[in-house]
Amino acid sequence: MPSDLVIVYHRQPYEEKEEGGKVVLKENTSPNGIVPTLKSFFGAVDHGAWVAWKLADDPSNPDFEPVIEISDDYGNYSVSRLPLSAEQVREFYHVTSKEAFWPILHSFKEKYNYDRVEWPNFREVNWAFAEAAAQEAAHGALVWVHDYNLWLVPGYLRKMRPDLRISFFHHTPFPAADMFNVLPWRREIVESLLACDDVGFHIPRYAENFASVVQSLFDVKVTDRGPVPDHLFSEGTALAERRVSGALEYKGRQVTLSVAPVGVDVDFIDYRAQRIETSARVADIRADLGDRKLILSVGRTDYTKGGVQQLASFGRLLEQNSDLRGKVRLMHVSVSANKNMTVYAEIQDEIERMAGQINGRFGTLDWQPVALITRPIPFDELVAYYRAAHVAWITPLADGMNLVCKEFIASRTDDDGVLVLSEFAGAAVELHEAVITNPFSNRSMDTAILHALSMPKDERQGRMRSLRDTVRQYDIRAWGDMVRVGQDMSADSRNVTELP
Ligand code: GDG
């Protein structure tokens, strides 16, 4: 059935589990991510479609259903599952996307490796996504493509179906031209993005970087959108931008640039945080801590998330402040999503080595300074830790947005707790009352955590109330509204790409 809205996202919108010998579809175990929000858009159309890949070692298997129909609380939609072999996934996702694109997007030139990239494979997989989207889309439908691993989809789709409206959203940072242009496929990628009606980013800096990359490669006309509104401007921080471009004109077509910082589902987290079971768990964690302060750090294992720099800072903290020994505990949650990649295995080893070293050097019979968690914690348990922590220490070296810090704030129904946040997380332009730190500077890292640990209650509460107002105002629904109209920071109706 033709769909008015087609979402193209590499992950399927549910998880497949085996029950009693049969494969059943289950809601994603992380109910707070963007998947439910994306699905909620299907409520606005008669029929929607979702295109994702599915690992299928034998695509000719007669039991394999390439398209399945779903009717649930979100609406009526089909899911096209592109059967990719393990080899295709490895080349398209782990090699091209993670070894070549990811380091450049996060400005880690030294981690960039394109020797193993099979570019024809990347084109092929993107072509398959575009074909599946073209097949599902009704005349004039909106196709909404997500993230860098699908960069070539808009260009292919525009050729297949000139009638469609195409939007693209980047969940990662978008780097400056000096960095992005390291990619040898830069012209092909950018030309594909210029086939969109709208290209979206979390914050003004990434949109500006994109505009400068485009200008370095093509003859385009750029329209200024004007000054960045106060809620997206944090004076003096690394990612702050004063003005932002609104649109590009290329070969007679207009491409809108949207800025829409993704938020979290505040009502959902609020509900989880206030449950009786959560409160009981928080009391247990606090009782276990006694008079010690809990510093919480959560993130996927990735060199971009700054785990190594953080553990080094914690080691220095204990070395230089003997009064803190026995008085603080760092809970470092570092879960690896790509265990089969050497670069992630190495970083995990390094984190384990450093945590072990700190525990060996400072630990006593009744105090272990670092609790390192490498397996995913159930979300309710995570919320209990968010609530029990004295400080959330979130210091990525580069991060498109960072949802963990927003989840921490949304969990603090007690208006307490301190957020120490890297100025290189997109969230830093919005979360003005966090203690902002520079993870590339030892001094900045060390003083920020000391400041957080000694902050008086009045100040903590004042900052947290303000952070909570921001996170509530710009929650996941607000993001939905912003991207919904392909528009972002103002009520200005220029270049609006309306969703049906
Ligand atoms: C990309 C961009 C951007 C983590 N450990 C556990 C757990 N998590 C959950 C968190 C959070 C999510 O994982 C991580 O989200 P982030 O936003 O921090 O980071 P990425 O995965 O890198 O996401 C990022 C995002 O896209 C959205 O556009 O913000 O910048 O890189 O939701 O809660 N969840 C559970 N247990 C864990 O141990 N249940």
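Scroll up a little and you will see the structure.
What counts and what doesn't
Residues numbered from 1 in each chain as written. Predicted model: local features only at pLDDT ≥ 70, side-chain atom pairs only at ≥ 80, totals over all residues. Axes fitted to C-alpha atoms, helices over the stretch in contact; angles between N-to-C directions. Helix = DSSP H or I, 4+ residues; strand = E, 2+ residues; numbered from the N terminus. Parallel < 35°, antiparallel > 145°, perpendicular 65-115°, else oblique. Left-handed = near helix turned anticlockwise from the far one by under 90°. Contact = placed C-beta atoms within 7 Å. Buried ≥ 20, exposed ≤ 12 C-beta atoms within 10 Å, placed from the backbone. Pairing = 2+ DSSP bridges. Near = placed C-beta within 6 Å. Nonpolar A, V, L, I, M, F, W, Y, C, P; charged D, E, K, R; others polar.

S.K.: Describe the packing of helix H3 (residues 119–136) against helix H4 (residues 153–160), and please don't skip the residues or the numbers.
M.R.: Axis separation between H3 and H4 bottoms out at 8 Å; the angle between their running directions is 45°. One element, H3, and the other, H4, form an angle in the oblique class. In this structure, H3 crosses over H4, and the sense of that crossing is right-handed. Note on element contacts: H4 touches H3 through Val-153, Tyr-156, Leu-157 and Met-160, opposite Asn-126, Trp-127, Phe-129, Ala-130, Ala-133 and Ala-134.

S.K.: Pulling in residues and values, what's your account of the environment of Ser-422?
M.R.: Mapped onto the elements of the fold, Ser-422 is located in strand E17 (residues 418–422). Of the residues examined, Ser-422 has 32 C-beta atoms within 10 Å and is grouped as buried. Counting along the chain gives 184 residues from Ser-422 to Ala-238, while the straight-line C-alpha distance between them is 9.4 Å. With near-sequence residues (within four places) excluded, Ser-422 lies in contact with Gly-306, Ile-394, Thr-395, Pro-396, Ala-428, Thr-437 and Pro-439.

S.K.: Give a description of unusual backbone geometry that names residues and reports values.
M.R.: Even without being a glycine, Lys-251 presents a positive backbone phi close to 50°. Assignment of secondary structure puts Lys-251 in the loop between strand E11 (243–250) and strand E12 (253–259). For Lys-251, a count of 10 C-beta atoms within 10 Å puts it in the exposed group.

S.K.: An account of the sheet that holds strand E7 (residues 137–146) is needed here, citing residue identities and associated values.
M.R.: Two orientations exist for strands paired in a sheet by backbone hydrogen bonds: parallel and antiparallel. The mixed open sheet is built from ten strands, whose spatial order is E5-E6-E4-E1-E7-E8-E9-E12-E11-E10. Single-partner strands in this sheet number two, and they are strand E5 (67–72) and strand E10 (221–227). Along the sheet, successive strands turn relative to each other by an average axial angle of 20°, direction set aside. Summarising the sheet, strand E4 (residues 48–55) and strand E6 (residues 75–84) pair through eight bridges and their orientation is parallel. Across the sheet, the residue bridging to Gly-48 is Tyr-77, located in E6. Across the sheet, H3 is in contact with strand E1 (3–8), E4, E6 and E7; its angle to E6 comes to roughly 150°. Helix-sheet contacts for H4 involve E1, E7 and strand E8 (165–169), and the interaxial angle to E8 is about 175°.

S.K.: Which residues make up the site of the ligand, and what are the values?
M.R.: By nearness alone, 23 residues border the ligand, and His-171, Pro-376, Gly-400, Met-401 and Leu-403 come closest of all. Looking at the shell around the ligand, the elements with two or more residues in it are strand E13 (293–300), strand E14 (328–335), helix H12 (379–388) and helix H13 (404–411). Of the residues assigned to the shell around the ligand, the class counts are 13 nonpolar, seven polar and three charged.

S.K.: Can you lay out H12 for me, pointing to particular residues and giving the numbers?
M.R.: Count 3.6 residues to each turn of an α-helix, and residues three or four apart come out pointing the same way. Of all the ten residues making up H12, seven are buried; the element is thus mostly covered by neighbouring parts of the structure. For H12, the set of buried residues is Leu-382, Val-383, Ala-384, Tyr-385, Tyr-386, Arg-387 and Ala-388. Turning to H12, the residues buried within the fold contact helix H8 (266–274), helix H9 (276–289), E13, E14 and H13.

S.K.: Account for the environment of Ala-280, naming residues and giving values.
M.R.: Positionally, Ala-280 belongs in helix H9. A residue is classified by how many C-beta atoms lie within 10 Å of it, and Ala-280, with 10 of them, is exposed. Residues Ala-280 and Ala-384, spaced 104 residues apart in sequence, show a C-alpha to C-alpha distance of 8.9 Å.

S.K.: Could you give me a rundown of the sheet that holds strand E18 (residues 435–437), with the residues and numbers involved?
M.R.: Strand order in the open sheet formed by six strands is E15-E14-E13-E16-E17-E18, with parallel pairing between adjacent strands. Looking at strand neighbours, the two that pair on one side only are strand E15 (370–373) and E18, the edges of this open sheet. On average, adjacent strands in this sheet sit at an angle of 20° to one another, irrespective of strand direction. Inspection of the sheet shows strand E16 (residues 391–394) paired to E17 by four bridges, in the parallel sense. Residue pairing across strands places Val-391 opposite Val-418, the latter belonging to E17. In this fold helix H10 (residues 307–320) packs onto E13, E14, E15 and E16, with an angle of close to 165° to the strand it touches most, E14.

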